[in-house]
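# Reading the structure
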Amino acid sequence: MSFIADRLGRIKPSPTIAMSDRAKALKAEGKDVIGLSAGEPDFDTPQNVKDAAKRAIDAGDTKYTAVDGTPALKKAIAAKFKRENNLAYAPNQIIVGTGGKQVLFNALLATVNPGDEVVIPAPYWVSYPDIVELAEGTPVAVPCSQNNGFRLRAEDLEAAITKKTKWLILNSPSNPTGAAYSAEDLRGLADVLLKHPDVWVLTDDMYEHLLYDGFKFATIAEVEPRLYPRTLTMNGVSKAYCMTGWRIGYAGGPAELVKAMATLQSQSTSNPSSISQAAAVEALSGPQDFIPRNNDAFKTRRDLVVDMLNKAPGIHCPRPEGAFYVYPSCAGTLGKRTPNGKVIENDTQFVEYLLDSVGVAVVQGAAFGLSPHFRISYATSNEVLRDACERIQKACAALI
Ligand SMILES: Cc1ncc(COP(=O)(O)O)c(C=O)c1O
């Protein structure tokens, strides 16, 4: 009998983190590897945010805070929800966690009973199904093909809902596809949800600010206020504010749910870092002008990557609305032979081939629940991206 608990058998280490670690290890061995697998902006945290953290340290904000977040940060979050999403959340409807990941973890662990189903549009962020499994729930992946812009269609949602469905998880803009839902798209889903009053919505709006070509962000509780009493609107400072290492995420939702999440957090990590919370107040309340500047850079990178990948034989890359990922299809490479004589049978073998032959680390679509694809994170410089895409073109051209 293993010393490790059975529940650990239901989950696996994050495949995106695993690929990033592998790329780092190869680099440390002196190999020429370009890592495009990490999901974080390459930009530094804005100076005003760093300064706020330094001030917090000097002012002695170094003690435990309220488990679910400081009053100052909750105030800043409430103001953000009102200003940007037209959503009113009172302080007892807001929880701050150690990253968006903990907030999701709390929400699912606090609500999912064995056998409960959670509808997850695929491709999905790698952690959703594993957290559901850990809670002894059943993830129900609904394939959302490239032909539908990787978006969940109302009829597919309707078909996926059963008496056991507890949650629908939405993520827009999406990791891994960059696809975003317009208010009209959400309207269609909301109409289905209104017919199923027991299904709750967990919307992961982590990439809210990373949208290009004037695409307008929308979140479901704003689009359909009748869903507000059963929606958890989750967000964080990690991506838009370039604060992945600071570990601050938050959510607004019904007070009873938020209280249960806080109870769970009180018996695990307690409050998120006091210093990071002070920094997050500045991030949400201070100048926001660096966001469009960063987005200009991201848009240029997106276009560079999409244009270059579409010139690689066997690759088809849609142009996504947001985030900093593309999710190209590698269907046209399957069945082909590498210069070493190995036949590429799936996207896992394709990404292995890219890493082994040209030293480019990307993540296979199988990890995100929709194949045959792969995810590229383009949060790095134009020079590195150009080099990586040339290598991918070369590797694809070498397949016969
Ligand atoms: C879709 C999505 N949700 C949540 C998170 C978690 O963010 P955090 O780093 O704040 O825990 C990530 C991070 O990769 C993500 O891509």
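No experiment lies behind these values; they were computed from the predicted model shown.

Below, the discussion takes up the layout of surface pockets. Approximately 960 Å³ is the volume attributed to the largest pocket. As for the largest pocket, its lining consists of 42 residues, of which Ala38, Gly39, Glu40, Lys239 and Thr244 are closest to the centre. Elements with a contribution of two residues or more to the lining of the largest pocket: helix H1 (15–28), strand E1 (34–35), helix H4 (100–111), helix H5 (127–134) and strand E12 (374–377). For the lining of the largest pocket, the element with the most residues is H1, which contributes seven residues. If you add up the space inside the second largest pocket, you get close to 270 Å³. Lining the second largest pocket are 15 residues, with Lys101, Phe105, Ser127, Asp130 and Ile131 sitting closest to its centre. When contributions to the lining of the second largest pocket are tallied by element, the ones reaching two or more residues are H4 and H5. Top contributing element to the lining of the second largest pocket by residue count: H5, with four residues. Here the residues of the lining of the second largest pocket sort into seven nonpolar, four polar and four charged.

Summed over all chains, the structure comprises two cavities of 30 Å³ or more. Taken as a whole, the largest cavity spans an internal volume of roughly 130 Å³. Lining the largest cavity are 17 residues, and of these Pro121, Pro123, Asn171, Ser174 and Tyr181 sit closest to its centre. Every element with two or more residues in the lining of the largest cavity is listed here: strand E3 (117–122) and strand E5 (165–171). Looking at the lining of the largest cavity residue by residue, the class counts come to 13 nonpolar, four polar and no charged.

Before going further, it helps to spend a moment on the sheet that holds strand E9 (residues 325–326). With respect to topology, three strands assemble into an open sheet ordered E9-E12-E11, the strand pairing being antiparallel. On the outer flanks of this sheet lie E9 and strand E11 (363–364), each paired with one strand and no other. Here E11 pairs with E12 via two bridges, running antiparallel. Each residue of the ladder has a partner; that of Gln364, found in E12, is Phe374.

With that settled, the discussion passes to the site of the ligand. Among the 13 residues in the neighbourhood of the ligand, the closest are listed as Gly100, Asp204, Tyr207, Ser238 and Lys239. The contact in question runs from an oxygen atom of the ligand to an N or O atom on the backbone of Lys101, over 2.9 Å. Separating an oxygen atom of the ligand from a side-chain N or O atom of Ser238 is a distance of 2.6 Å. The protein chains hide 92% of the 390 Å² of surface that the ligand would expose on its own. Judged by the proximity of its atoms to the pocket grid, the ligand belongs to the largest pocket.

What follows deals with the nonpolar core. Residues Leu202, Val305, Leu309, Phe350 and Ile376 are the most contacted members of the largest nonpolar core, which totals 78 residues. In contact with Phe350, not counting residues within four places along its chain, are Ile315, Cys330, Thr333, Ile344, Phe374 and Cys396. Of all hydrophobic cores here, the second largest spans 24 residues; its members include Leu73, Met243, Ile248 and Ile291.

Turning next to the packing of H4 against H5. For the pair H4 and H5, interaxial distance at closest approach is 9 Å and the crossing angle is 35°. Crossing hand, H4 versus H5: right-handed. Contact residues: Lys101, Leu104, Phe105, Leu108 and Leu109 in H4; Ser127, Tyr128, Ile131, Val132 and Leu134 in H5. For the contact of H4 with H5, a count of residues per class yields eight nonpolar, one polar and one charged.

Rules behind the numbers
- Residues numbered from 1 in each chain as written.
- Predicted model: local features only at pLDDT ≥ 70, side-chain atom pairs only at ≥ 80, totals over all residues.
- Heavy atoms only, no water.
- 1 Å grid on protein atoms, 1.4 Å probe; cavity = no way out; pocket = protein on both sides within 12 Å on 5 of 7 lines; lining within 4 Å.
- Points joined across faces, edges and corners; volume = space filled by probe spheres on them.
- Helix = DSSP H or I, 4+ residues; strand = E, 2+ residues; numbered from the N terminus.
- Nonpolar A, V, L, I, M, F, W, Y, C, P; charged D, E, K, R; others polar.
- Pairing = 2+ DSSP bridges.
- Near = heavy atom within 4 Å.
- Polar contact = N/O pair within 3.5 Å; in protein donor to acceptor, adjacent residues only side chain to side chain.
- Areas by Shrake-Rupley, 256 points an atom, 1.4 Å probe, with all protein chains shown as cover.
- Sits in = over half its atoms within 2 Å of the grid points.
- Core = buried A, V, L, I, M, F, W, Y, C linked by side-chain atoms within 4.5 Å.
- Buried < 20%, exposed > 50% of the residue type's maximum accessible area, 1.4 Å probe, protein only.
- Contact = heavy atoms within 4.5 Å.
- Axes fitted to C-alpha atoms, helices over the stretch in contact; angles between N-to-C directions.
- Left-handed = near helix turned anticlockwise from the far one by under 90°.

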